[in-house]
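# Per-entry structural report
Each chain is listed here by its residues.
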Amino acid sequence: MLARAGLVAGLLLGGCGDDAGGFGTGAAADFGAAVDMTSRDGGGPPPEVEIEVSFEPPAVGATRLYATNAGAGRVAVVSATDFTIETVAVGAGPLPAVAAPGRDLAISLNREARSLTLLRTGESGTVPTTVPLAHDADQVAFDAAGRFAVVFEGPSERRRNFQDLSVIDLDSGVATRIVVGFGPSRVFFGPDDVAYVVTEDGISILDLTRLESDARPVLRSFGARVADATVTPDGRFAIGQIPSEGELRQLDLMTGEVAVADMAEAVSDLVETPGGGMADAGMPPLDAGTSGVPARLVEVTDVDLDPSSRFALAVLRTAERAVRVPIGERFATPAAWEVLMLDGEGVGSLVLSSDGALAVGFSSALAVEALTVLRLDAEPIDVRTVALRKTVRTVALSPDGSFALVLHRPGEGNAVQDPDETRRIDRSDGFSLVDLATGFVRLSLTAATPEPSGVALDPAGEFLFLALRNDARGVRSFQAVDVATFAVDVVELTAPPTTVGTFPSLDRAFVGQEADGGRVTFYDWRSGERQTIAGFELGAGIRR
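Not measured: the values here are computed from a predicted model.

### Examining unusual backbone geometry
Residue proline 380 is reached from glutamate 379 by a cis peptide bond, and omega for that bond is 0°. Among the structural elements, proline 380 can be located in the loop between strand S30 (370–375) and strand S31 (382–387). A positive phi is found at aspartate 192, a non-glycine position, where the angle reads about 65°. Mapped onto the elements of the fold, aspartate 192 is located in the loop between strand S14 (186–190) and strand S15 (194–199). A positive phi angle is found at aspartate 193, which is not glycine, with a value near 55°. Tracing the backbone shows aspartate 193 in the loop between S14 and S15.

Here it is, written out as C-alpha cells:
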C-alpha cells in the first residue's frame, strides 16, 4: 500500500496534540464490540478504500526540482544547491514533469503535442530533447536504475489509448512503441531489465534490452479478470484477486501456470447464525472442505505482498482474520497457510513493512479508532492493539518500520465551536504518529485535511513533512516533524502549497506554491533556515 507513486502536495495549520499511548493486548474486544459492520444503507459492510501514501515526490532529481507551468508550456528547473533557475520550453499541454530516480533528468509528457520532452540537466544547464509519440500517454514509470521509462495512458474516463505504450531509452532518447494487453494500469520492473505491464488481459512482459517494435510481447493470463494484480519483486510471480469470490490467483510469469488459493478453506470452521453473526463450528483442518461457507465470509478486502516475495497476506474483514499464503509451490495448499485471528478488531486493510516482519492493520471504512500491529517474525505471531483518538483514512509505514503515519478522517460538525473535547477531536482534521515499538501515539490536529499526496519523508527517516492547504480558511503552510521526538513545527507560507519533497543529499525539503510567476520555499531541516524563490517564471530566460 505504501509504495510507488509520486507526490504532489496536499493542503494546513498544525495544531497541537494529545498523546495517547501504549500497546493493548486486551483492548481489541472492547472496540471490537463497537464496530459497526453494516453500511449506511444497511446492505452490508462498506468497502475498504485503499489510498496510497508516497514518500517520494515525482519532480525531484538528484539536485534539481522540475516545476511545470502547463499554461505557458514551460518547465522551470531549480537548483537546490545554489538556487539558480532556468526555464525550458516543452511541448503543448504538458503534464507535471516526472524525474528519474537519482538523476537530474525528467520527462515532460506533452499531452496536446503527442510528444515527450527529455530534460537532461548537467553543469552547463538543461538540454531538452523532443521525442514524438505515436499514441496518447499520461503516465510515466521509471526503472530503479533510471535507464528506462515506460509511458502509457492509464485508466480514466477520458482514456483513448487502450493498448499502445512506448519504452524510452533515457540515455539515447530512442522510443520503441509496443502493443500490450488491453487497458494497462501499472508497470513493475524486475531484475535483468524486464518490465511487467499489468493489463486487464494479464501481464505483458517486456525485455527492455531486446525490444522489437514489430513483435508483440509475451502475455501471461490469470485465466480470469482479477483486481489489484501485483508482481513480486523477483519478477517470478504475479498475484491477483477476485474479491467477491474469495480467490487469490498466482500466475507463474515464466511458465504461465495459474494456482488458485480459495479463501473459503481458511474460514470453513465458521457458520453464520440466524441473526447474521458468526459462530465457531470447531476448527477442522484447513483442507477439510468448504461446502456451505457463506460468500461474505470469504470476501477479500485487501492483499499485500511480502517485499522479499515469500508470502501474500490476505485480509478477510467479515471473518475477522488474515491469511498468510506462501508464494510458490505451496500457494494453493491450505495446509501450508497460516490463519491469523483478528477477532473484534475491524481490520479491513493491512500495510507491510519493507522487510515483511511487521504488518499494521486498520479499517478505512469502519468507525474503528485503533491500529492492529502484527509481529510476523515472532513465534507465535504477536498481535497487539494501539488505541487512537480518531478514525482512520489511511496508514503509511516508515521504510524501516519504526513508526506509522496515520491520516485521519474528520467527523461531521463544527470542531471550533464544540466545547466537548472528545467531539472536538472527532470533528477536527489531523494525523497521528505511532511508535510501533512502544505503542506511543502523538496526535496532531490540523486546520486543513492532510492529503496523502502532500507527504514527504527524508530517506534517512529522520524528518517528515506534511503540506496543508485550505483556501476557504486561508490555511497555507507545512508541518515539519522530528521523527525522533515526534515534535511538530509549523512553517507558515505566503501562498498555497502545491508540491512537497526532499533533497536528501542536501538536508533540504522544498514546498512548491501556487503563485503568479512561480514560488518555491526551501527548508533546511537541520538549521530550520528557509530560502524562498519567487517569480522565476517571469524573470528566468527560456532555453530552446
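Having put the structure on the table, let's press on.
### Here we look at the sheet that holds strand S25 (residues 311–316)
Across a sheet, paired strands are connected by hydrogen bonds in the backbone, their directions being either parallel or antiparallel. As summarised here, the arrangement of the 4 strands in space is S24-S25-S26-S27, forming an open sheet in which the pairing is antiparallel. Edge positions in the open sheet fall to strand S24 (302–305) and strand S27 (338–341), since each of these has one partner strand only. Geometrically, the sheet is characterised by an average inter-axis angle of 20° between neighbouring strands, direction not taken into account. Note that S25 and strand S26 (residues 321–326) share 6 bridges and pair antiparallel. Bridge pairing in S26 links valine 315 to alanine 322.

### Considerations on the packing of aromatic side chains
Think of a pair of aromatic rings as described by two things: how far the centres are apart, and how the planes are tilted against each other in angle. Tallying each qualifying case throughout the model produces 10 aromatic pairs. With centroids separated by 5.1 Å and ring planes inclined at 55°, the aromatic side chains of phenylalanine 83 and phenylalanine 522 adopt a geometry described as tilted. Within this pair, whereas phenylalanine 83 is found in the loop between strand S4 (74–79) and strand S5 (85–89), its partner phenylalanine 522 is found in strand S42 (residues 519–524), the two being separated by 439 residues in sequence. Relative accessible area serves as the criterion here: at 2%, phenylalanine 522 is assigned to the buried category. Taking the centre distance of 5.2 Å and the plane angle of 5° together, the rings of phenylalanine 162 and phenylalanine 182 count as stacked. Taken together, the residues span a long stretch of sequence, with phenylalanine 162 in the loop between strand S11 (148–152) and strand S12 (164–169) and phenylalanine 182 in the loop between strand S13 (175–179) and S14 at a distance of 20 residues. Through a chain of ring-to-ring contacts, the aromatic side chains of Phe463, Phe465, Phe478, Tyr523 and Trp525 assemble into a single cluster. Sitting over the ring of phenylalanine 311, arginine 324 keeps its end group 5.2 Å from the ring centre.

### Side note on the confidence of the model for the chain
Mean pLDDT over the chain: 85, with 84% of residues reaching 70 or higher. The secondary-structure element of the chain with the lowest mean pLDDT is helix H1 (residues 28–32), recorded at 27, while S15 shows the highest, at 98. Across residues 1–42, where pLDDT falls below 50, the model places 159 contacts with residues more than four positions away in sequence or in other chains. Within the model, the stretch residues 539–544 combines pLDDT values under 50 with 14 contacts to residues more than four positions away or in other chains.

### Notes on the sheet that holds S14
Across the sheet, 4 strands lie side by side as S14-S15-S16-S17; this open sheet has antiparallel pairing. Lying at the two open borders of the sheet, with one neighbouring strand each, are S14 and strand S17 (218–220). Averaged over all neighbouring strand pairs, the angle between strand axes comes to 25°, with direction disregarded. Two elements, S15 and strand S16 (residues 202–207), share 6 bridges in a ladder whose sense is antiparallel. Looking at S16, one finds that valine 194 is bridged to aspartate 207.

### Concerning the side chain of asparagine 470
You can see asparagine 470 is positioned in strand S37 (residues 463–470). The exposure class assigned to asparagine 470 is buried, which follows from its relative accessible area of 19%. Among the polar contacts listed, one links the side chain of asparagine 470 to the backbone nitrogen of arginine 473, at a separation of 3.0 Å.

### A look at the nonpolar core
Core analysis: the biggest nonpolar cluster contains 24 residues, and Leu248, Met263 and Val325 have the highest contact counts within it. When residues of this core are traced back to their parent elements, those giving at least two are strand S19 (237–242), strand S21 (258–262), S24, S25 and S26. With 3 residues, the single largest contributor to this core is S25. Ignoring any residue separated from it by four or fewer positions in sequence, one finds valine 325 in contact with Leu248, Ala261, Met263, Arg310, Phe311, Ala312, Phe331 and Trp337.

Thresholds applied
Sequence order as written defines the numbering, with residues in each chain counted from 1. Predicted model: local features are reported for residues with pLDDT of at least 70 only, side-chain atom pairs are reported and counted for 80 or more only, and whole-chain, interface and lining totals are derived from all residues. In computing side-chain properties, one takes all heavy atoms of the structure into account and sets aside hydrogens as well as water. Secondary structure elements follow DSSP: runs of H or I of four or more residues count as helices, runs of E of two or more count as strands, with numbering from the N terminus. Two strands pair under a simple rule: DSSP has to find at least two bridges between them. Interaxial angles span 0 to 180 degrees and are taken between N-to-C directions of axes, which are lines fitted to C-alpha atoms, for helices over the stretch in contact. Only the six-membered ring of Trp is used, alongside the rings of Phe and Tyr, when aromatic pairs are assigned; centres must lie within 6.5 Å, and planes under 30 degrees apart are stacked while those over 60 apart are edge-to-face, with the rest tilted. Burial status follows relative accessibility: with a 1.4 Å probe on protein chains alone, a residue under 20% of its type maximum counts as buried, one over 50% as exposed, and anything between as partly exposed. We call a charge positioned above a ring when the Lys NZ or Arg CZ atom is no farther than 6 Å from the ring centre and deviates by at most 35 degrees from the ring normal. pLDDT measures the predictor's confidence residue by residue and takes values from 0 up to 100. Here, two residues are considered to be in contact whenever any of their heavy atoms come within 4.5 Å of each other. Polar contacts here mean pairs of N or O atoms no more than 3.5 Å apart (in protein, one a potential hydrogen donor and the other a potential acceptor; neighbouring residues in sequence count only if both atoms are side-chain atoms). What makes a nonpolar core is a set of buried Ala, Val, Leu, Ile, Met, Phe, Trp, Tyr and Cys residues whose side-chain atoms join them at distances within 4.5 Å.

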